[in-house]
Amino acid sequence: MIGCDCAVCTSPDKKDKRFRSSILVQSSATTLLVDAGPDFRCQMLRHKVKHLDAVILTHSHKDHIAGMDDIKAFTYFTKKPMKVYADSPTEAAIRREYYYAFADNKYPGTPEFDMNTITTEPFIAGDIPVIPILVWHLKMPVLGFRFGKFTYITDANFIDETEKDKIRGSEIIVLNALRKEKHVSHFNLQEAIDLVKELEIPVAYLTHISHQLGRHEEVEAELPQGIHLAYDGLLLTSD
Ligand SMILES: [Zn+2]
Ligand SMILES: [Zn+2]
């Protein structure tokens, strides 16, 4: 956190240095990005990502879409617009905040987006089947996504019973847990742990972590079996 001297912000542990939440999902043929926040450019450079087939957005908050201008680096090389999958409110935000990418006479070097509207219906991006899961971020609808046996949910503090059924049977879940204290629009640590147990998912990684949660090493040591804190650069594989 800018200007903060707390034990997490001054920690020498690399796992305490957190960029904004985002994941890459890869098959042998397709690379998808979920969310492009303000740290998107540095994340792509740090992990040497050279190609993206599509971007899938969870919701329109700035910490999840502020990096979309830097998509231009990818579209510059491919000379093709980037496929973007978003629900209608998120698409409206992209069209509003990146209006210049949708102009008739574009300035050279502007990012190009091929917008695809999604709902809670399953879709296929490249060769990867995706099941959207509707979750609630206070009163804002946000999409989580299930890819095979892997589920990714960020920015939620409530999930309807019918949507929970879409998550059940996952082998791995990445779920948001902001801090220990209660929060108005994010699960706190205990709520996230309770949900993982309720849904009987054997392996969970907690993400969208605030510096208020505490140091990685200390919190990790307190977690129940199978539940871990995610960290930048974490790589998970499944067949
Ligand atoms: Zn949010
Ligand atoms: Zn967020």
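Anything mentioned here points back to the structure above.
Cut-offs applied
Residues numbered from 1 in each chain as written. Chains lettered and ligands numbered in written order. Predicted model: local features only at pLDDT ≥ 70, side-chain atom pairs only at ≥ 80, totals over all residues. Heavy atoms only, no water. Phe/Tyr/Trp six-rings, centres within 6.5 Å; stacked < 30°, edge-to-face > 60°. Pairing = 2+ DSSP bridges. Helix = DSSP H or I, 4+ residues; strand = E, 2+ residues; numbered from the N terminus. Donors = N, O, S within 2.8 Å, 3.2 Å for Na, K, Ca; no water. Tetrahedral: all angles 85-135°; square planar, octahedral: opposite > 155°, others 65-115°. Buried < 20%, exposed > 50% of the residue type's maximum accessible area, 1.4 Å probe, protein only.

1. A word on the packing of aromatic side chains
Reasoning step 1: Taken as a whole, this structure holds 9 aromatic pairs when the rule is applied.
Reasoning step 2: On the basis of an interplanar angle of 85° and a centroid distance of 5.4 Å, the ring pair of Tyr99 and Tyr100 is categorised as edge-to-face.
Reasoning step 3: In textbook terms, an aromatic cluster arises when at least three aromatic residues are bridged by ring pairs, as seen for Tyr98, Tyr99, Tyr100, Phe102 and Phe113.

2. As for the pairing of strand 7 (residues 128–137)
Reasoning step 1: Judged from the 3 bridges that link them, strand 6 (residues 123–125) and strand 7 form a sheet pairing that is antiparallel. The residue of strand 7 that forms the bridge with Ala125 is Ile128.
Reasoning step 2: Counting the residues in the hairpin turn of strand 6 and strand 7 gives 2 residues, including Gly126, whose phi is positive at 60°.
Reasoning step 3: As paired elements, strand 7 and strand 8 (residues 140–147) share 7 bridges and run antiparallel to each other. Counterpart to Val135 in the pairing with strand 8 is Val142.
Reasoning step 4: Taking the residues between adjacent antiparallel strands as the criterion, strand 7 and strand 8 are bridged by 2 residues, where Leu138 takes a positive phi near 55°.

3. Side note on the coordination of the zinc ion (ligand 1)
Reasoning step 1: Only His59 (NE2), His61 (ND1), His137 (NE2) and Asp155 (OD) from the protein reach the zinc ion (ligand 1) as donors, at distances of 2.2 to 2.3 Å.
Reasoning step 2: One can describe the site at the zinc ion (ligand 1) as irregular: its 4 donor atoms subtend angles covering 87 to 177° at the metal.
Reasoning step 3: A gap of 3.4 Å separates the zinc ion (ligand 1) and the zinc ion (ligand 2), which Asp155 links by coordinating each metal. Of this pair, His137 sits in strand 7 while Asp155 sits in the loop between strand 9 (150–153) and helix 5 (161–167); the two residues are 18 residues apart in sequence, bridging distant segments of the chain. For the pair His137 and Asp155, a shared accessibility class is recorded, and that class is buried.

Any functional reading would require information beyond the geometric quantities listed.
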